[in-house]
Amino acid sequence: MTVRVVVGGALCHEGRLLAARRSAPPELAGRWELPGGKAEPGESVPDALVRELREELGVEAEPLERIPGEWPLRPGLVLHVWTARLLSGVPAPLEDHDELRWLGPEELESVDWLDQDRPAVAEAGRRLRQDGRRPRQDGGGPRQDGGGPRQDGGGGA
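A brief structural summary. (Residues numbered from 1 in each chain as written. Predicted model: local features only at pLDDT ≥ 70, side-chain atom pairs only at ≥ 80, totals over all residues. Heavy atoms only, no water.)

On to helix 1 (residues 45-57). For helix 1, with 13 residues, the first-to-last C-alpha span of 17 Å sits near the 18 Å given by 1.5 Å per residue. Buried residues along helix 1 sit against strand 1 (4-13), strand 2 (16-22), strand 4 (36-38), strand 5 (60-74), strand 6 (77-88) and strand 7 (97-103). Two or three places before Asp 47, at the opening of helix 1, Ser 44 has a side-chain oxygen 3.1 Å from that residue's backbone nitrogen. Count one or two residues on from helix 1 and you reach Gly 58, which has phi positive near 75°. (Helix = DSSP H or I, 4+ residues; strand = E, 2+ residues; numbered from the N terminus. Expected span 1.5 Å × (residues − 1). Contact = heavy atoms within 4.5 Å. Polar contact = N/O pair within 3.5 Å; in protein donor to acceptor, adjacent residues only side chain to side chain.)

In structure tokens:
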């Protein structure tokens, strides 16, 4: 059996992670996930993430790195999660979602995540907390901006 990848985006901005509430299908409606979707045949997973975030949320994003692990969704489908940085746009629930929330690391357990997203959400939260404690690049002590994407190419979320 061919396994198809569904990519989820741990979209981070200003020290927060974007959560999207499902509106469909009925068995998933009301639960929260990392936005994303299926990679098309011949499409790279990072390219699929960029396309899916554009279609579902109306934003441009840059994939950064894959969160280790893969999680089975159903036979023939497996979830891979990538951290991503918001480049432009304001996320809106355009497709398959009815609400979006930016959550800080301490708020991640405030929503009912889909089971398969939980391990990646926990790792994304760990990275956000780590980035928030990282010294500023100017040597001026702990960051006061809530963390968020690093500009030094260091690979944080």
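Attention shifts here to the environment of His 97. Tracing the sequence through the fold places His 97 in strand 7. His 97 sits 62 residues away from Pro 35 along the chain, and the two C-alpha atoms are 8.8 Å apart. Setting aside residues up to four positions removed in sequence, His 97 forms contacts with Ala 20, Arg 21, Arg 22, Ser 23, Glu 33, Pro 35 and Glu 56.

Moving on to unusual backbone geometry. In this structure, the amide linkage connecting Ala 24 to the following residue, Pro 25, adopts the cis form with an omega of -10°. Structurally, Pro 25 can be placed in the loop between strand 2 and strand 3 (32-33). Positive phi, close to 50°, is recorded for Glu 14, a residue that is not glycine. With respect to the element layout, Glu 14 can be found in the loop between strand 1 and strand 2. Judged by its relative accessible area of 48%, Glu 14 falls in the partly exposed class. (Buried < 20%, exposed > 50% of the residue type's maximum accessible area, 1.4 Å probe, protein only.)

To continue, consider the nonpolar core. Among the nonpolar cores identified, the biggest contains 20 residues, and Leu 17, Leu 34, Ile 67, Val 81 and Trp 113 are the most heavily contacted of them. Secondary structure elements with two or more residues in this core: strand 1, strand 2, strand 5, strand 6 and helix 2 (118-133). The greatest single-element share of this core, amounting to four residues, is contributed by helix 2. In this view, Ile 67 contacts Ala 10, Val 81, Trp 82, Thr 83, Ala 120, Glu 123, Ala 124 and Arg 127; residues no more than four positions away in its chain are not counted. (Core = buried A, V, L, I, M, F, W, Y, C linked by side-chain atoms within 4.5 Å.)

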